[in-house]
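# Breakdown of the fold
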Amino acid sequence: METTSRVSQSAVDKHAFSYSLGGLDFARRELFCRCNPAPALTVQGSDAYRSCMLAPAHAAITRAEYEEMPPGPPFFQLIEGQLLMSPSPRTCHQLIVGRLYSLLLNFVHSRELGEVFIAPLDVFLNDINIYQPDIAFVSTANLDKVRDNGIEGAPDLCVEVLSKSTERFDRTTKKKVFAQAGLQEYWVVDPDARSISIFELTKEIERPVEVHVSPAKFCPAAFEGLEIDLAKLFARL
């Protein structure tokens, strides 16, 4: 109860809100309900699924306030100080993430190259940006970034499989913030185009250095000896 009171005074009084998606009310009860009512923000129809980023009606939420929230589900990302909650991913998204994670995990562990993580896991980039990339790789040299509550700073590689609700953030804001945080390599997987775009963010943010389209086979420079068969990655989707 003391924790709830403290949260209400700090995070809730400053940033509390409720909102409606497709007629269903979502709220983090532990964080939001024990406070005075705040103006509702309503998102209707297909917009609820295309853009779940709430319009910034309050000052930016900080890492300290984010960490006061109770564990999910639902899970949120903090993007430029605003909470983003997305609907469940499509089946094809989950299949691609699972297949790619399995390939990377087995390869990395067999060669003791580091650790591979799958969402949801917080990646703390700065005070107003906390992301949960679909897949994150941290090399052995950087394993000190891995903490009990997530990853402190940029991993060596992040992978995002595009979804309609998050695509615009994955292609723009998140990529820019990742680059500022020092992320070396960023893969954007497009299920509709059946492609993987490789960004080396230390060199170029806007344009990928490589684009591989199924049925090509992709040999990542970061994982010498690994071959990713895109025809298998996108099979039966």
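Residues numbered from 1 in each chain as written. Predicted model: local features only at pLDDT ≥ 70, side-chain atom pairs only at ≥ 80, totals over all residues. Heavy atoms only, no water.

### A few points about the overall build of the protein
Scanning the protein from N- to C-terminus turns up seven helices and 17 strands. Out of the 237 residues belonging to the protein, those deemed buried represent 46%. Restricting the contact set of the protein to residue pairs at least 6 apart, pairs at least 24 apart contribute 57%. (Helix = DSSP H or I, 4+ residues; strand = E, 2+ residues; numbered from the N terminus. Buried < 20%, exposed > 50% of the residue type's maximum accessible area, 1.4 Å probe, protein only. Contact = heavy atoms within 4.5 Å.)

### Section: the environment of Ala-181
Inspection of the secondary structure puts Ala-181 in helix α6 (residues 167-181). Sequence separation between Ala-181 and Leu-201 is 20 residues; the distance between their C-alpha atoms is 10.0 Å. Not counting residues up to four positions away in its chain, the partners in contact with Ala-181 are Leu-125 and Ala-154.

### Quick notes on the environment of Gln-77
Within the secondary structure layout, Gln-77 lies in strand β4 (residues 77-79). A relative accessible area of 10% means that Gln-77 is categorised as buried. Taking the C-alpha atoms as reference points, Gln-77 and Ile-128, 51 residues apart in sequence, are found 10.0 Å from one another. Beyond its immediate stretch of four places on either side in the chain, Gln-77 contacts Gln-82, Leu-83, Leu-84, Ile-130, Tyr-131, Gln-132 and Lys-174. A distance of 3.0 Å separates the side chain of Gln-77 from the side chain of Lys-174, its partner in a polar contact. (Polar contact = N/O pair within 3.5 Å; in protein donor to acceptor, adjacent residues only side chain to side chain.)

### Things to note about the nonpolar core
Counting residues in each nonpolar core, the largest one holds 24 residues, and the members touching the most others are Leu-100, Leu-104, Trp-187, Val-189, Ile-196 and Phe-223. Among the secondary structure elements, those contributing two or more residues to this core are α5 (91-110), β9 (135-139), β12 (157-161), β13 (185-190), β14 (195-200) and α7 (230-233). Looking at this core element by element, the count peaks at seven residues for α5. The residues contacting Val-189, other than those within four sequence positions of it, are Ile-96, Leu-100, Val-159, Glu-160, Val-161, Leu-162, Ser-195, Ile-196 and Phe-234. Counting 21 residues, the second largest nonpolar core, distinct from the first, contains Phe-117, Ala-136, Val-138 and Phe-199. (Core = buried A, V, L, I, M, F, W, Y, C linked by side-chain atoms within 4.5 Å.)

### Some words on the pairing of β14
The two faces of a sheet get side chains in turn, since along a regular strand they alternate between them. Counting buried positions over the six residues of β14 gives five, a clear majority of the element. Summarising the sheet, β13 and β14 pair through six bridges and their orientation is antiparallel. Residue pairing across strands places Glu-185 opposite Glu-200, the latter belonging to β14. Where β13 folds back onto β14 in an antiparallel hairpin, the turn is made up of four residues, including Arg-194, whose phi is positive at roughly 55°. (Pairing = 2+ DSSP bridges.)

### A short note on unusual backbone geometry
Note the cis peptide between Pro-73 and Pro-74, where omega equals -5°. Considering the arrangement of structural elements, one finds Pro-74 in the loop between α4 (63-68) and β4. The omega angle of the peptide bond from Ser-214 to Pro-215 is 15°, so this bond is cis rather than trans. Along the chain, Pro-215 falls in the loop between β15 (210-213) and β16 (217-218). For Glu-80, which is not glycine, the phi dihedral falls at a positive 50°. Positionally, Glu-80 belongs in the loop between β4 and β5 (82-84). In this structure Glu-80 comes out as partly exposed when scored by relative accessible area, which is 33%. The phi dihedral of Arg-236 falls on the positive side, at around 60°, and the residue is not glycine.

### Examining α6
Here α6 is 15 residues long and its end C-alpha atoms lie 20 Å apart, about the 21 Å a rise of 1.5 Å per residue gives. All of the buried residues along α6 are Phe-169, Asp-170, Lys-174, Lys-175, Val-177, Phe-178 and Ala-179. Of the residues flanking the end of α6, it is Gly-182, one or two places downstream, whose phi is positive at about 100°. (Expected span 1.5 Å × (residues − 1).)

### Here's the deal with the side chain of Glu-160
Note that Glu-160 resides in strand β12. A polar side-chain atom of Glu-160 sits 2.7 Å from a polar atom in the side chain of Lys-174. With residues up to four places along the chain from it excluded, the contact list for Glu-160 reads Gln-132, Pro-133, Asp-134, Asp-170, Lys-174, Tyr-186, Trp-187, Val-188 and Val-189.

### Describing the pattern of salt bridges
Scanning all chains against the criterion turns up ten salt bridges. Linking Glu-152 and Arg-63 is a salt bridge whose minimum nitrogen-to-oxygen distance equals 2.5 Å. Separated by 89 residues along the polypeptide, Glu-152 in strand β11 (residues 150-152) and Arg-63 in helix α4 bring together distant segments of the chain. Put simply, Lys-176 and Glu-80 hold a salt bridge, and the shortest N to O gap is 3.9 Å. With Lys-176 in helix α6 and Glu-80 in the loop between β4 and β5, this residue pair connects regions lying 96 residues apart in the sequence. (Salt bridge = Lys/Arg side-chain N within 4 Å of Asp/Glu carboxyl O.)

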